[in-house]
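The residues making up each chain are set out below.
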Amino acid sequence: GAPQLAAAIEELGAEAVFAACDIADRDALAAVVRQVEADGPPVTAVVHAAAHIELGMLADTTAGALSEICRAKVLGAENLDAVFAERDLDAFVLFSSIAGFWGSGDHGAYAAANAHLDTLAERRRARGLRASSVAWGIWDAANDWDERNTEMRALKNEKSSRHGLPLLDAEQAFTALRRIIDHDETVVAVADVDWDRFVALFTMARESVLLTEVPEAARALESPEEPAAGPDGADGLARRLDGLSRPEQAHLLLELVRAQAAAVLGHGPQAEAVDPGRAFREMGFDSLTAVELRNRLASATGLKLPATLVFDHPSPLELAARLRALLLPDDDSAHPLALLRLGDFEAALAASPPDPATRQQLARRLQGLLWSWSEEGGPADGAAAGQGDATAPVDVASASADELFDLIDRGLDPS
Ligand SMILES: NC(=O)c1ccc[n+]([C@@H]2O[C@H](COP(=O)([O-])OP(=O)(O)OC[C@H]3O[C@@H](n4cnc5c(N)ncnc54)[C@H](OP(=O)(O)O)[C@@H]3O)[C@@H](O)[C@H]2O)c1
């Protein structure tokens with residue numbers, strides 16, 4: 001796009017000159033500056049926009065990648081500062097990023113490199129020179145020479161809007177840049193932010209002191225956006241739960257969680273696509289989709305639910321149990337964890353009834369469990385299992401007649 005860009009600049013009445021240079025090489029940079037100034041008027045403004053953009057978690061970043069990411073950003077900016085160390089330019093602008101300004105999960109080294117630019121601007125300013133570091137949000141980079149551009153921009157905008165950061169309109173970005181230079185600001189973040197959405201995601205793991213100082217963010221923190229009621233609404237769910245038995249209620253809530261999780265993951269309303277016992281994280285849930293699921297469930301149940309819901313109750317079974325505890329506080333959920341788990345087990349059985357062979361296996365395991373548990377001083381009233389001195393769980397299906405009689409004796413004779 002360079003020739004098109006040059007033509008556009010010249011149409012505005014300025015001359016454009018391109019000079020390739022690795023700005024991490026200070027001597028080469030100084031030579032280019034000398035050359036440019038020998039051929040034309042002295043440099044009066046510098047904009048550093050070079051970057052090697054490679055995203056990833058800091059823990060996964062190798063020393064080589066860290067060095068590469070810092071080269072153009074950190075070394076390049078330091079070199080520009082050094083080459084123009086003695087000159088107070090009209091503008092010395094560093095293109096930084098919100099990744100360094102307030103942080104972003106998978107922007108480890110890139111965030112650090114950008115944060116360096118913000119401090120470089122402060123240092124240059126402290127030397128009495130002009131310097132502005134602008135921590136940009138994500139630019140909506142329109143151009144006329146790339147046909148795929150419009151489609152890519154729409155996709156990018158959709159993705160970033162879901163994070164509460166719609167693409168930054170280029171016109172507005174340039175207006176902001178002009179103001180920053182006119183007002184001689186040092187470090188400023190410029191982003192288009194949907195605060196309700198962004199704050200919910202950003203404060204999911206921990207509170208943010210920085211955001212409490214932004215009035216719009218503070219307002220969003222005080223009164224989080226209430227998710228709109230679903231088509232059926234919370235009343236509809238309450239009515240449906242009303243006439244059901246406890247296992248049926250547990251089943252209904254589990255199906256609700258699975259269906260909403262499936263929808264968030266893009267499977268449509270196919271509850272079967274979501275394994276009740278599988279961890280949400282393993283299914284691919286991240287902070288964004290966790291908030292979406294929270295919103296859907298809040299809207300379906302009428303409950304006020306925290307953004308961390310999916311991480312506090314990490315599988316559909318556990319999350320459904322939590323909803324049951326909140327919606328039906330008088331049921332089993334008020335009892336100890338073991339009963340809660342038993343409720344989950346019932347719900348899982350109701351959700352996908354086992355085949356006959358599995359049924360038989362389950363029956364044996366349960367019977368064995370009952371026996372071994374009663375040995376350890378299990379049920380206080382000794383109702384079904386009895387309190388005999390059995391030595392091992394008995395395999396009912398394969399036990400001999402004598403073993404079965406022994407089993408019955410032990411079950412019926414408390415001595
Ligand atoms: N785009 C955004 O939404 C956004 C948001 C926040 C901040 N920013 C910052 O704004 C700046 C521009 O972003 P962009 O999206 O235009 O980035 P980009 O498309 O990746 O462009 C980066 C440019 O830096 C050049 N470069 C890399 N290493 C260099 C080196 N050692 N010496 C000289 N030039 C070098 C690259 O040249 P080659 O192509 O020849 O390698 C490339 O032209 C970057 O600093 C970026 O971090 C951008």
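1. Some words on the side chain of His107
Now for step 1: Counting through the fold element by element, His107 comes out in the loop between α4 (98–101) and α5 (108–126).
Now for step 2: Not counting the four nearest positions on each side in its chain, His107 is found in contact with Leu55, Gly56 and Ala99.

2. Remarks on the pattern of salt bridges
Working definition: two side chains of opposite charge can pair if their charged atoms are close together.
Now for step 1: Scanning the entire structure with this criterion turns up eleven salt bridges.
Now for step 2: Close ionic contact of Asp184 with Arg125 constitutes a salt bridge, the shortest N to O distance being 3.0 Å. A residue pair is termed long-range when its members are at least 10 positions apart, and Asp184 in the loop between α7 (170–182) and β6 (187–190) and Arg125 in helix α5 qualify at 59 residues.
Now for step 3: Arg125 gets classed as partly exposed once you look at its relative accessible area, which sits at 22%.
Now for step 4: Between Arg278 and Glu282 there is a salt bridge, and its shortest N-O distance comes to 3.5 Å.
Now for step 5: Residue class for Arg278 comes out partly exposed when judged on its relative accessible area of 38%.
Now for step 6: Here the residues in one salt-bridge network are Asp81, Arg124 and Arg127, joined through shared partners.

3. Description of the site of the ligand
Now for step 1: Surrounding the ligand, one finds 17 residues, the nearest of these being Asp22, Ile23, Lys73, Tyr110 and Trp139.
Now for step 2: Within the backbone of Ala50, a nitrogen or oxygen atom sits 3.5 Å from an oxygen atom of the ligand.
Now for step 3: Between the ligand and the protein, one listed contact pairs an oxygen atom with a backbone N or O atom of Ala51 at 3.1 Å.
Now for step 4: For the ligand, the accessible surface in isolation is 880 Å², of which the surrounding protein chains cover 56%.

4. Concerning helix α8 (residues 195–202)
Two residues of an α-helix separated by three or four positions point the same way, owing to the 3.6 residues in each turn.
Now for step 1: Looking only at α8, the buried set comprises Trp195, Phe198, Val199, Ala200 and Leu201.
Now for step 2: Lining the buried residues of α8 we find α6 (149–162), α9 (209–212), α10 (215–222) and α14 (287–301).

5. Looking at the confidence of the model for the chain
Now for step 1: With 82% of its residues at a pLDDT of at least 70, the chain reaches an overall mean of 84.
Now for step 2: This stretch, residues 380–391, has a pLDDT under 50; its non-local contacts, to residues over four places away or in other chains, come to 18 contacts.

6. Re the sheet that holds β6
Now for step 1: Read across the open sheet, the four strands follow the order β1-β2-β3-β6; overall the sheet is parallel. Lying at the two open borders of the sheet, with one neighbouring strand each, are β1 (45–48) and β6. Averaged over all pairs of adjacent strands, the angle between their axes in this sheet comes to 20°, without regard to strand direction.
Now for step 2: In this fold α5 packs onto β1, β2 (91–97), β3 (132–136) and β6, with an angle of close to 155° to the strand it touches most, β2.
Now for step 3: Contacting β2, β3 and β6, α7 crosses the sheet at an angle of about 155° to β3.

7. Some points on the pairing of β2
Now for step 1: Of all seven residues that make up β2, seven are buried, and the element is covered over most of its length.
Now for step 2: Burial along β2 is two-sided: the face carrying Ala91, Val93, Phe95 and Ser97 and the face carrying Phe92, Leu94 and Ser96 are both buried.
Now for step 3: As judged from the four bridges shared by β1 and β2, these two strands associate in the parallel manner. By the bridge assignment for β2, Val46 is matched with Phe92.
Now for step 4: Between the parallel pair β1 and β2, the chain is carried across by helix α3 (residues 63–83), and the sense of this crossover is right-handed.
Now for step 5: As paired strands, β2 and β3 are joined by five bridges and run parallel to one another.

8. Let's talk about the layout of surface pockets
Now for step 1: The space that makes up the largest pocket amounts to roughly 2100 Å³.
Now for step 2: As for the largest pocket, its lining consists of 42 residues, of which Ile9, Ala16, Val17, Phe18 and Val47 are closest to the centre.
Now for step 3: For the lining of the largest pocket, the elements supplying multiple residues, two or more each, are α1 (2–11), α2 (26–39), β1, β4 (139–140) and α7.
Now for step 4: Looking at side-chain class alone, the lining of the largest pocket contains 32 nonpolar, five polar and five charged residues.
Now for step 5: Approximately 1800 Å³ is the volume attributed to the second largest pocket.
Now for step 6: Of all the secondary structure elements, the ones that give two or more residues to the lining of the second largest pocket are β2, α4, α6, α8 and α14.

9. Quick look at the nonpolar core
Now for step 1: Grouped together as the largest cluster of nonpolar side chains are 34 residues, with contacts concentrated most on Val257, Phe280, Phe285, Leu293, Leu297, Leu305 and Leu319.
Now for step 2: Of all the secondary-structure elements, those providing two or more residues to this core are α11 (233–242), α12 (246–264), α13 (280–283), α14, α15 (309–312) and α16 (316–327).
Now for step 3: Sorting elements by how many residues they give to this core places α12 first, with nine residues.
Now for step 4: Not counting residues up to four positions away in its chain, the partners in contact with Leu305 are Arg294, Leu297, Ala298, Leu323 and Leu326.
Now for step 5: Ile23, Val33, Ala77 and Leu89 belong to the second-largest nonpolar core, a separate cluster that totals 14 residues.

10. Re the packing of aromatic side chains
Now for step 1: The final tally for this structure, using the stated rule, is nine aromatic pairs.
Now for step 2: With a centroid separation of 5.4 Å and an interplanar angle of 65°, the aromatic rings of Phe95 and Trp136 are classed as edge-to-face. Here Phe95 is found in strand β2, whereas its partner Trp136 is found in strand β3, with 41 residues between them in sequence.
Now for step 3: Assessed through its relative accessible area of 4%, Trp136 is described here as buried.

Rules and cut-offs
- Residues numbered from 1 in each chain as written.
- Predicted model: local features only at pLDDT ≥ 70, side-chain atom pairs only at ≥ 80, totals over all residues.
- Heavy atoms only, no water.
- Helix = DSSP H or I, 4+ residues; strand = E, 2+ residues; numbered from the N terminus.
- Contact = heavy atoms within 4.5 Å.
- Salt bridge = Lys/Arg side-chain N within 4 Å of Asp/Glu carboxyl O.
- Buried < 20%, exposed > 50% of the residue type's maximum accessible area, 1.4 Å probe, protein only.
- Near = heavy atom within 4 Å.
- Polar contact = N/O pair within 3.5 Å; in protein donor to acceptor, adjacent residues only side chain to side chain.
- Areas by Shrake-Rupley, 256 points an atom, 1.4 Å probe, with all protein chains shown as cover.
- pLDDT = per-residue confidence, 0-100.
- Pairing = 2+ DSSP bridges.
- Axes fitted to C-alpha atoms, helices over the stretch in contact; angles between N-to-C directions.
- Right-handed = clockwise from strand over helix to strand, strands pointing away.
- 1 Å grid on protein atoms, 1.4 Å probe; cavity = no way out; pocket = protein on both sides within 12 Å on 5 of 7 lines; lining within 4 Å.
- Points joined across faces, edges and corners; volume = space filled by probe spheres on them.
- Nonpolar A, V, L, I, M, F, W, Y, C, P; charged D, E, K, R; others polar.
- Core = buried A, V, L, I, M, F, W, Y, C linked by side-chain atoms within 4.5 Å.
- Phe/Tyr/Trp six-rings, centres within 6.5 Å; stacked < 30°, edge-to-face > 60°.

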